[in-house]
Amino acid sequence: MATATIAAPGAATPAWHALSVEEALSAQSVDENVGLSAKEVEARQGTYGLNKFADAPKEARWRVFLRQYSDPMQIVLLAAGILSMFIPDQFATGVLLVLLTLLNAFLGMSQEGKASASVAALQKMMVVKSRVKRGGQVEIVDMDQIVPGDIVMVEAGDLVPADGRIIRSATLEIDESALTGESAPVPKQVEAVKAESALGDRVDLAFMNTQVTRGAGTIEVVSTGMATEVGHISGMLQETKAEESPLTKQLNVLTRQILVIAGVSLLVSLALGLVRGTPFDILFLTAVAFSVSAIPTGLPAVVTTILASGTSTLAKAGAIVKRLRSVETLGSTSAINSDKTGTLTLNQMTAVEMAVLGRRYTITGEGYSTTGQINRVAGEPEVSMDRYLLPMALCSDAVARDGGLVGDPTEGALVVLAAKGGVEPVLNRERYPRLAEVPFDAAYKLMATFHAMKNDAGVDVIRCYVKGAPDQLLARATTADDGSGATIAITDEGRAKYLEENERLGRQGLRVMATAQRDLDPATFDSHAADYLPLVSDLTLLSLVGIVDPPRAEAKAAIAVAHAAGIKVRMITGDHAVTAEAIARQLGIRGRAVLGSVFAAMGPEEVSREIDTIGVIARVAPEDKVHLVDVLKAKGDVVAMTGDGVNDAPALKKADIGVAMGITGTEVSKEAAVMILTDDNFATIVKAVELGRALYDNLMRYIRFQMAALFGFIATFLGASLLNIAGGVPFLPLQTLWINFTVQIFLAIGLGYGKAREGLMQDAPRSPEQRILPRRLMAWVIVGGLVMAATTLGVIAWATPVYGPETARTMGFVVFSLGNIWFALETSDETRSIFNPDALPSATLLKAAGGAFLATVLGTELGVLNRLLDTVNLELNQWAIAIIVSLAVIVLAEGRKALGIHTIEPPTLVVPAVVPAT
């Protein structure tokens, strides 16, 4: 056999869909009747490799571990810990600090390692066998052994093993919804299409990992592995980097700012110590204690705990979140790009309207459940529906059972419609067996079956039932049913009405199927004829049926709630624009519909100007979805992307929040997403947004408290140095860690689990650029920290000459801890007094405050902790002094609230003008 002339990997490949069958076979030097020889297969495997996807590069575990130490907080803690080991009496402090960095590193490392998960899911899909013609014989080979040039035979139920040019088709239809988003199976043809045809319009190609739903065909493989359309998606998954959440970015900025403030304060403190001639060991101890106090060591642990709680709550609501910090990102979502098929719709074709000459009927029920009825206009005489429904039952192969379907989805809609009208498909197929048939073919767009029956006069006939495209049946018809069972000739007026009704249904975004019949004389009918298509003429038109993949009932309500919350919902689909627009109108999606090719052709300025007016993008390619995410993120949106197909995966990963469907979703989409809906319910997304907003609100309470405590620590140490109180060391390192990891952790959890603020879903989405601590709030946090510092230093300065330095430092320890507790209680509601019965702190926070108080008591009164923390037991009067002084925090906070000085303002919702779908 001649050497193949196809391009080597990486070289330009021909537009296979634009080549004729002969040209495609010639390009690969293959005979469709013989296939490749064993020698040629081996040679091509050496050139193109296995029919599998490339593994994503994996980072060594030790590199992942070391990368955790690029965090400035980790570096400072590690340096402080190592140096502390060489200071007398501080070895235990050093060990604890080093262990703390190790814990942080292991926690960070455990959250990573998902970069190649999407590719691994793609590879799981490839455990499949295929029928391949090689050396003139049909062989069963593993899918990964297929090479370009192989001749593969497929039939209903098969998975297409590689991208290929269709060279033979017998009513071949393939479900490409997972790749292109097209909800209905695509009829395939042998004839070439235009070179500029979009992916969804290349009907002479078959694509890897799509499902054959009907008929049979022969495919010449043209691309394998990473060169296929699905392989291209795999490559985009590897190239797309996961980005930090908005909260992560803001926390990183805030902690860097705190480190700068702390660093300057530390330098000032050390400079003052050097001027005063303070011994080096005391200066170093001051530096370590200051560093530990100024670094928000508990911040990552508390945020992780609160987010983990959020994931549990979301899981109970039907949403599984794989990355903790993505929970709050969902709460700040301002744009949702939703796949139509299977997400906003049921992905179950349903007949919703039927028309016969002069009459219209509506059909209730959804999907493949036979529950529903056929409704008519009141006052019209009742007629038997069997005449119109029997063709749907008999001229179909699909079987609907228990809400599921075996067979073609469009046929499923017809057989379910028949069952709703009382015509049971299986029983009638047994009663009227099929004598012959004309299989569906894209060339004539119809299917016909022949059955022995009796006509209305009781005479034996061979009845031909036909279903197919309305224009094709009209061209073959001479008469029509008048809606009462009588037959009338088709006039020009009747033809116009028929076409008008077809167009009316089409304008609603419905896929229209027509039915017809013809009675033949049994004496002249040849049951062994080679071709029955000539008999499909002189037809009597019966009905037109409008079929749609219906919107989910709950999706419309969820979209309305999203709009009320200021979230823009867009539909992206592989369906045609008319169908997508009609579904969008039913769902309440605002904006006009554009084609994916039009969207992709828009320049940066045009797309930025037009994007807010676009509500539907139809006939999209995977690159269009990623482009949409990029456009929205560039204009400042926090983007959620929902989807269930292979084609959605790159955009799912690119988005701030990728949301996959757990039931109908492919493994690829589930691995690429950060959230999986276990119920495939679009409404769950809105619930998740609400939970995300509540979680963020609670996190902000905690962060307000944590920042005030940090400023309190910094001010306390800086004040001690400036005023030379307690030798410039108000707290020892382990005392600082005790406050960090007991008192503050208790309070943080109490704030993080508190009740959410009312009216969160009436707020506009929070801008990703919005600062965690706006100016007024920052001012209040600083004032709160200064009050804690002033009261602590005041008590230490007063108590040192009276009770001695150890007791004074212990009293300061108590004042600072209690100040933390009072500030946490006050910050649970920034506007109403904690003494207001309607604004009492939640039971969770009150319990947490009790735990923090207990930790403070144990830190001063338990012997083992006295020795570890260098604290002493306090007498009752010393406790009374510490408690009374610490109440200054409450006095200041209540005074601010009484004067109406608010520190935060919830965002105001501005509802955008409604842009009608056009």
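On a predicted model such as this, the values are computed, not experimentally measured, just so you know. (Residues numbered from 1 in each chain as written. Predicted model: local features only at pLDDT ≥ 70, side-chain atom pairs only at ≥ 80, totals over all residues. Heavy atoms only, no water.)

### Considerations on the overall build of the chain
Along its length, the chain carries 33 helices and 27 strands. Counting contacts in the chain only where the partners sit at least 6 residues apart, residues at least 24 apart contribute 72% of the total. When the accessible surface of the chain is summed, it comes to about 37200 Å², and 59% of that surface belongs to carbon and sulfur atoms. (Helix = DSSP H or I, 4+ residues; strand = E, 2+ residues; numbered from the N terminus. Contact = heavy atoms within 4.5 Å. Areas by Shrake-Rupley, 256 points an atom, 1.4 Å probe, with all protein chains shown as cover.)

### Comments concerning helix H27 (residues 733-752)
With 20 residues, H27 ought to run about 28 Å at 1.5 Å a step, and its terminal C-alpha atoms sit 26 Å apart, in line with that. For H27, the principal kink sits at Gln-744 and spans about 35°. With 17 of 20 residues buried, H27 lies mostly within the body of the structure. (Expected span 1.5 Å × (residues − 1). Bend = angle between axes of the 7 residues up to and from the residue. Buried < 20%, exposed > 50% of the residue type's maximum accessible area, 1.4 Å probe, protein only.)

### Brief notes about the sheet that holds strand S9 (residues 335-339)
The sheet built from 8 strands is open, its strands ordered S8-S27-S26-S25-S9-S22-S24-S23 with mixed pairing. Edge positions in the sheet fall to strand S8 (319-321) and strand S23 (592-595), since each of these pairs with one other strand and no more. This sheet shows a mean twist of 20° between the axes of neighbouring strands, independent of strand direction. Relative to strand S24 (residues 614-618), strand S22 (residues 568-572) runs parallel, the two sharing 2 bridges. For Ile-572, the partnering residue across the bridge sits in S24 and is Ile-617. Along the sheet, helix H23 (residues 622-634) makes contact with S9, S22, S24 and strand S25 (639-643), crossing S9 at roughly 170°. (Pairing = 2+ DSSP bridges. Axes fitted to C-alpha atoms, helices over the stretch in contact; angles between N-to-C directions.)

### Quick word on a nonpolar patch on the surface
A cluster of nonpolar side chains, contributed by Val-260, Val-264, Val-268, Leu-722 and Leu-723, occupies part of the molecular surface with about 450 Å² of accessible area. Contributions of two or more residues to the nonpolar patch are made by helix H9 (246-276) and helix H26 (682-723). Ranked by residues supplied to the nonpolar patch, first place goes to H9 with 3 residues. Looking at the element boundaries, Leu-723 is found in helix H26. The class of Leu-723 is exposed, set by a relative accessible area of 60%. (Patch = residues over 30% accessible without salt bridge, like charges linked within 9 Å, V, L, I, M, F, W, Y side chains within 5 Å. Salt bridge = Lys/Arg side-chain N within 4 Å of Asp/Glu carboxyl O.)

### Section: the side chain of Gln-744
Here Gln-744 lies in helix H27. In this structure Gln-744 touches Phe-705, Gln-706, Ala-709, Phe-713, Ile-739, Phe-816 and Asn-820, once residues within four positions along its chain are discounted.

### Let's talk about the environment of Phe-525
Within the secondary structure layout, Phe-525 lies in the loop between strand S20 (511-520) and strand S21 (539-548). Considered as a pair, Phe-525 and Leu-535 are 10 residues apart in the sequence and their alpha carbons are 9.5 Å apart. Apart from residues lying up to four places away in sequence, Phe-525 is in contact with Ala-436, Phe-450, Ile-462, Leu-520, Tyr-532 and Leu-535.

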